[in-house]
Amino acid sequence: MPSKGKHRRTQVRSLRRGFIAAGTGGAALILPLLGANAAAAAQPAAAPAAAKAAPKTYSVVAGDSLSKIADAHSLSGWKELYEDNRAVIGDKPSLIHPGLKLTIGAKAKAPAKPAAKATPAADRADRSQARAAVAKTTPYTNDLDGWIKESLAIMAKHGIPGTYEGIHRNIMRESSGNPRAINNWDSNAVAGTPSKGLLQVIAPTFAAYHVPGTSMDSYDPVANITAACNYAADRYGSIDNVNGPY
């Protein structure tokens, strides 16, 4: 007991922060608590992210669908594949055809646009220039002989069989060599498609067997001959095999 009038100074002991770990034998250990910085330092470093797979090209085969292709290449779904290839596929994702090239893992580039189609006026100008070039090297006379020879030259370029004799023989039977001849009395005429020109060709046949590089006028001698010979080759093997109405 302290004596009167005197106060005992309380001793302050320094305490270390820690926790007591009790073992099975009763002994206790005081272990220091780790600070936040130390705990963070003790955590293992995060593993580096896996490198993204390089884009690749896939060629569509029969029976494929976007869903099937997406599953085979471990994509998140067909929509991802479609969005990457919209420029190639178009607006209808269900319409993919064998041989179509799809890009897996990246945006596909838009296909190159086809060359602009020539306008009718430009096409006529090109044909006129081509015929003018032929005329410079091979001057054809503006008569039956010249028309047949020019037609034979054009037919040779397009692989259409026929001889001068076969063409001439059929012309003389059909029109007597008159390029403006027209049949206004047979069944074709009654049906509204009269036979016209040197080889008496009806309009549907002329349109179907018209040879590129020749006039679209069925009365044009060279255009009429080449179209008729093209038709005769398709149906009879050659104009040479025609010996009557065809």
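Residues numbered from 1 in each chain as written. Predicted model: local features only at pLDDT ≥ 70, side-chain atom pairs only at ≥ 80, totals over all residues. Heavy atoms only, no water.

1. Some points on the environment of Thr214
At step 1: Within the fold, Thr214 resides in the loop between α9 (203-209) and α10 (221-236).
At step 2: Linking Thr214 and Ser151, residues 63 residues apart in sequence, is a C-alpha distance of 9.3 Å.
At step 3: The residues touching Thr214, leaving out its near neighbours within four places in the chain, are Arg127, Ile154, Val222, Ala223 and Thr226.
At step 4: There is a polar contact of 2.6 Å between the side chain of Thr214 and the backbone oxygen of Val211. (Helix = DSSP H or I, 4+ residues; strand = E, 2+ residues; numbered from the N terminus. Contact = heavy atoms within 4.5 Å. Polar contact = N/O pair within 3.5 Å; in protein donor to acceptor, adjacent residues only side chain to side chain.)

2. A word on the packing of helix α6 (residues 144-157) against α10
At step 1: Taken N-terminus to C-terminus, the directions of α6 and α10 make an angle of 50°; their axes are 9 Å apart at the nearest point. Taken together, the axis directions place α6 and α10 in an arrangement best described as oblique. As α6 runs across α10, the sense of the crossing is right-handed. Note on element contacts: α10 touches α6 through Pro221, Val222, Ile225, Thr226 and Cys229, opposite Trp147, Ile148, Glu150, Ser151, Ile154 and Met155.
At step 2: Of the residues that constitute the contact of α6 with α10, the class distribution is 8 nonpolar, 2 polar and 1 charged. (Axes fitted to C-alpha atoms, helices over the stretch in contact; angles between N-to-C directions. Parallel < 35°, antiparallel > 145°, perpendicular 65-115°, else oblique. Left-handed = near helix turned anticlockwise from the far one by under 90°. Nonpolar A, V, L, I, M, F, W, Y, C, P; charged D, E, K, R; others polar.)

3. Structural notes on the packing of aromatic side chains
At step 1: Taken as a whole and assessed by the stated rule, the structure comprises 3 aromatic pairs.
At step 2: Ring centres of Tyr209 and Tyr231 lie 5.4 Å apart, and the angle between their planes is 75°; this geometry places the pair in the edge-to-face category. Of this pair, Tyr209 sits in helix α9 while Tyr231 sits in helix α10, placing them 22 residues apart in sequence.
At step 3: Seen from their ring centres, Tyr231 and Tyr246 are 6.0 Å apart, and the 35° between their planes marks the pair as tilted. Note that Tyr231 is positioned in helix α10 and Tyr246 in the segment after α10, a separation of 15 residues in sequence.
At step 4: Residue classification places Tyr246 among the partly exposed positions, given a relative accessible area of 21%.
At step 5: An aromatic cluster of three or more residues is present, and its members are Tyr209, Tyr231 and Tyr246.
At step 6: Residue placement shows Arg180 over the ring face of Tyr219; its charged tip is 3.9 Å from the ring centre. (Phe/Tyr/Trp six-rings, centres within 6.5 Å; stacked < 30°, edge-to-face > 60°. Buried < 20%, exposed > 50% of the residue type's maximum accessible area, 1.4 Å probe, protein only. Lys NZ or Arg CZ within 6 Å of the ring centre and 35° of its normal.)

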